[in-house]
Amino acid sequence: MTPKILLVNPPIYDFAAYDFWLKPYGMLTIAGHLRGKAEFKLFDYLDRLHPFVATQKGRQSDRWGRGRFFCKKIPRPAALGAIPRYYRRFGLPRDVFRSFLEQRGPFDFAFVQTTMTYWYEGVQEAIEDIRSVCPQTKIILGGNYVTLCNSHAQNLGADFLAAGTNLEPLWNYLGISPDPKQPALWEIYNKLNVGVLKLSDGCPFNCTYCSVPKVYGEFKARPLERSLAELELLCELGVENIAFYDDALLFDSELVLVPFLNEVLKRDTKVNFHTPNALNARFITRQLAMLMVQAGFKTFYLGFESDSLQWQKQTGSKVLYNELAQAASHLISAGAEPANITVYQILGHPHTSTGELEATMRFVNSLGIRGMLADFSPIPGTPDGDYCRKWVDMDEPLLHNKTAFPIILLGFDETNRLKDLQRKMNRKLKTQD
Ligand code: B12
Ligand code: SF4
């Protein structure tokens, strides 16, 4: 008999959350590998095209498909009690999920996506509801939280944890053999305007604040044919905006991104591409910038963190200030709108001084492009995350929260001052968003 599998993307409990092209891509990828071998149902609490959200005010998408989630204020959990900001639950209401379970259940398995380590409260809520309405269902968790906080995740009450990238134990548990040539299961959405692609896994760098090198190992390209089939599927479903979730989208571009984009142009595919997970400016040549703009890239997020050479050297030398300046100039000459080029600068990193951060902000501003403060989230198992045990209990994932950590390190007033300064600098650019 074909097994019945429920796919769940849980609600988010956090100080802030915004639909910045958020999709449960790991889970959809796994479900895609099982296409035709199971009967799937999806409940995505963060789906802003769900009929419930359509009835709410102010939830419409911007021109690139981003927007605000439905949310409710809730009390802060004890671990975050000292952070003076409102805490919220983002996503569809709990009773909408419970009636979905009553009407569509029972299920043999439930896959639950986990993402940020500090979002586990939403995962806990979803597990509780599945357990109470469909007690026979075997609950399977996978994704970042399970991989980085495995022993914590074991206490959440799931039946199976799919940690890391080796999926053999999962296929054995399900008793189904996968077809890895299949694209992600995007057709499970009733309505879709945003999609995600990932052309590669891993990253050749080894930044001291990042978990990717340890989790994914060496950089590897994904099969081009599968990515092109996935792009075609997304376009057939009416998707207009696609975000890349690659960690090193521009690495080995002659072998990975360039052939993909050449094919996009050859097929005359009309879609807007976005890079919320940051590009490495070092790899943006004049030619690559032109190809990206021509193929439909609309927003460019560049990972910079700091203009200090000392800081870069200490953390992995990802990118240097002159490389950022050159990339910005190539992108602008290629026709990218300066207002759509944004540079991430790390706020609340334990080795960055406030003076250094302000200098970085001024440098980025002098290039005529936008800066965005990327609040530092300490990640367990990374050198910088482990160093943060000096300030927080890293065994409590709520304390990896990106809003909380800079406040704990720098104080509330100083964090707000830096955020205001960034807003002022961006306003001065006199560019439109
Ligand atoms: C895309 C991405 C984002 C997106 C949002 C993604 C989302 N849907 O929410 C954006 C750009 C918005 C983002 C923002 C941030 N991110 Co981010 N992001 C990622 C990235 C690149 C992918 C996450 C993802 O979707 N993975 C799923 C897919 C793409 O992975 P996959 O390889 O196909 O999955 C395989 C397995 O893992 C498994 N699997 C995965 N999911 C599932 C689910 C099930 C059910 C099963 C069975 C299996 C399974 O199967 C797959 C096949 O092999 C990761 C790094 C990484 N490579 O994982 C960082 C990462 C999750 N982000 C991180 C960070 C630090 C951030 C920011 C804090 C950065 C900042 N300072 O602003 C913010 C936080 C945002 C917030 N609101 O709090 C950290 C984690 C932090 C933490 N404490 O958890 C990571 C790990 C990167 C890092 N530096 O180490 N991020
Ligand atoms: S370049 Fe980016 S993905 Fe790679 S290790 Fe550094 S922060 Fe992580």
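The coordinates are above.
Overview of the structure. (Residues numbered from 1 in each chain as written. Chains lettered and ligands numbered in written order. Predicted model: local features only at pLDDT ≥ 70, side-chain atom pairs only at ≥ 80, totals over all residues. Heavy atoms only, no water.)

One pass over the full model with this rule turns up 23 salt bridges. Here glutamate 305 ties to lysine 318 by a salt bridge, and the two come within 2.7 Å at their closest N and O atoms. Of this pair, glutamate 305 sits in strand S14 (residues 297–305) while lysine 318 sits in the loop between helix H12 (309–315) and helix H13 (321–334), and the two are 13 residues apart along the sequence. Residue classification places glutamate 305 among the buried residues on the basis of a relative accessible area of 8%. Between glutamate 358 and arginine 417 there is a salt bridge, and its shortest N-O distance comes to 2.6 Å. Residue glutamate 358 is located in helix H14 (residues 354–366), and its partner arginine 417 is located in helix H17 (residues 412–428); the two are separated by 59 residues in the primary sequence. Under the relative-accessibility criterion, glutamate 358 is labelled buried at 16%. One salt-bridge network, held together by shared partners, links Arg94, Arg98, Glu128 and Asp129. (Salt bridge = Lys/Arg side-chain N within 4 Å of Asp/Glu carboxyl O. Helix = DSSP H or I, 4+ residues; strand = E, 2+ residues; numbered from the N terminus. Buried < 20%, exposed > 50% of the residue type's maximum accessible area, 1.4 Å probe, protein only.)

Our focus in this paragraph is the sheet that holds strand S13 (residues 272–274). In space, the six strands of this open sheet follow the order S9-S12-S13-S14-S15-S16, with parallel pairing throughout. Each end of this open sheet is capped by a strand with a single partner; those strands are strand S9 (194–197) and strand S16 (370–375). The average angle at which neighbouring strand axes cross in this sheet is 25 degrees, direction not considered. Bridge analysis of S13 against S14 gives two bridges, and the strand direction is parallel. Counterpart to phenylalanine 273 in the pairing with S14 is phenylalanine 297. (Pairing = 2+ DSSP bridges. Axes fitted to C-alpha atoms, helices over the stretch in contact; angles between N-to-C directions.)

Below, the discussion takes up the nonpolar core. Ranked by size, the top nonpolar core spans 120 residues in total, and within it Phe111, Ile130, Trp186, Leu257, Phe260, Leu261 and Phe273 carry the most contacts. Residues contacting tryptophan 186, with those up to four places away along its chain left out, are Lys23, Tyr25, Leu28, Arg35, Leu192, Val194, Gly195, Val196, Glu230, Leu233, Leu234 and Leu237. (Core = buried A, V, L, I, M, F, W, Y, C linked by side-chain atoms within 4.5 Å. Contact = heavy atoms within 4.5 Å.)

By way of backbone hydrogen bonds, the strands of a sheet pair with one another, either parallel or antiparallel. Ordered by their spatial adjacency, five strands build an open sheet running S3-S1-S6-S7-S8, and the pairing between neighbours is parallel. A single partner strand is all that each edge strand has here, and the edge strands are strand S3 (39–44) and strand S8 (160–162). Taken over all neighbouring pairs, the strand axes of this sheet differ in orientation by 20 degrees on average, direction set aside. Seen against the sheet, helix H1 (residues 25–33) touches strand S1 (4–9), S3 and strand S6 (109–114) and runs at an angle of roughly 145 degrees to S6. Along the sheet face, helix H3 (residues 94–104) touches S1 and S3 and points at about 165 degrees away from the line of S3.

The α-helix advances 3.6 residues per turn, and as a result positions three or four apart in sequence lie on the same side. All buried positions along helix H11 (residues 286–295) are accounted for by Leu288, Ala289, Leu291, Met292 and Ala295. All buried residues of H11 fall inside an arc of 165 degrees around its axis, so they share one side. Pointing more than 90 degrees away from the buried face of H11 are the exposed residues Gln287 and Gln294. Where H11 is buried, its residues meet helix H10 (257–266), S13, S14 and H13. After H11 finishes, the residue glycine 296 shows a positive phi value of roughly 120 degrees. (Arc of directions from axis to C-beta.)

The next thing to look at is the pairing of S6. Burial runs high along S6: six of the six residues are buried. Across the two faces of S6 the burial is the same, with Phe109, Phe111 and Gln113 and Ala110, Val112 and Thr114 all buried. When S1 meets S6, the two strands line up parallel, connected through four bridges. Looking at S6, one finds that leucine 6 is bridged to alanine 110. Running through helix H4 (residues 120–133), the crossover from S6 to the neighbouring parallel element strand S7 (residues 138–143) is right-handed. (Right-handed = clockwise from strand over helix to strand, strands pointing away.)

The next subject is the site of ligand 1. As a structural note, the neighbourhood of ligand 1 is formed by 39 residues, with Tyr118, Ser211, Tyr216, Asp247 and Asp375 the closest of them. Note that an oxygen atom of ligand 1 is positioned 3.3 Å from one of the side-chain N or O atoms of lysine 198. At 2.7 Å, a side-chain N or O of serine 211 approaches an oxygen atom of ligand 1. Listing elements by their share of the shell around ligand 1, those giving two or more residues are H1, S6, S7, helix H8 (212–216) and S16. Of all the elements, H1 adds the most residues to the shell around ligand 1, at four residues. By residue class, the composition of the shell around ligand 1 is 20 nonpolar, eleven polar and eight charged. (Near = heavy atom within 4 Å. Polar contact = N/O pair within 3.5 Å; in protein donor to acceptor, adjacent residues only side chain to side chain. Nonpolar A, V, L, I, M, F, W, Y, C, P; charged D, E, K, R; others polar.)

Where helix H9 (residues 224–236) meets H10, the closest approach of the two axes is 11 Å, and the angle between their N-to-C directions is 40 degrees. In terms of orientation, H9 lies oblique with respect to H10. With respect to the hand of their crossing, H9 and H10 are arranged in right-handed fashion. When H9 is examined against H10, the residues Leu224, Ser227, Leu228 and Leu231 are found in contact with a partner set consisting of Pro259, Phe260, Glu263 and Val264. Broken down by class, the residue content of the contact of H9 with H10 amounts to six nonpolar, one polar and one charged. (Parallel < 35°, antiparallel > 145°, perpendicular 65-115°, else oblique. Left-handed = near helix turned anticlockwise from the far one by under 90°.)

Here the focus is the packing of aromatic side chains. This model, assessed by the stated rule, comprises 32 aromatic pairs. Consider the rings of tryptophan 21 and tyrosine 301, whose centres lie 6.3 Å apart with planes at 75 degrees: the pair is edge-to-face. Taken together, the positions of tryptophan 21 in the loop between strand S2 (12–14) and H1 and tyrosine 301 in strand S14 put the pair 280 residues apart, joining distant regions of the chain. The exposure class assigned to tyrosine 301 is buried, which follows from its relative accessible area of 5%. Between tryptophan 186 and tyrosine 189, the ring centres sit 6.4 Å apart and the planes meet at 25 degrees, which makes this aromatic pair stacked. With relative accessibility at 0%, the residue tryptophan 186 sits in the buried group. Using a relative accessible area of 5% as the deciding quantity, one classes tyrosine 189 as buried. (Phe/Tyr/Trp six-rings, centres within 6.5 Å; stacked < 30°, edge-to-face > 60°.)

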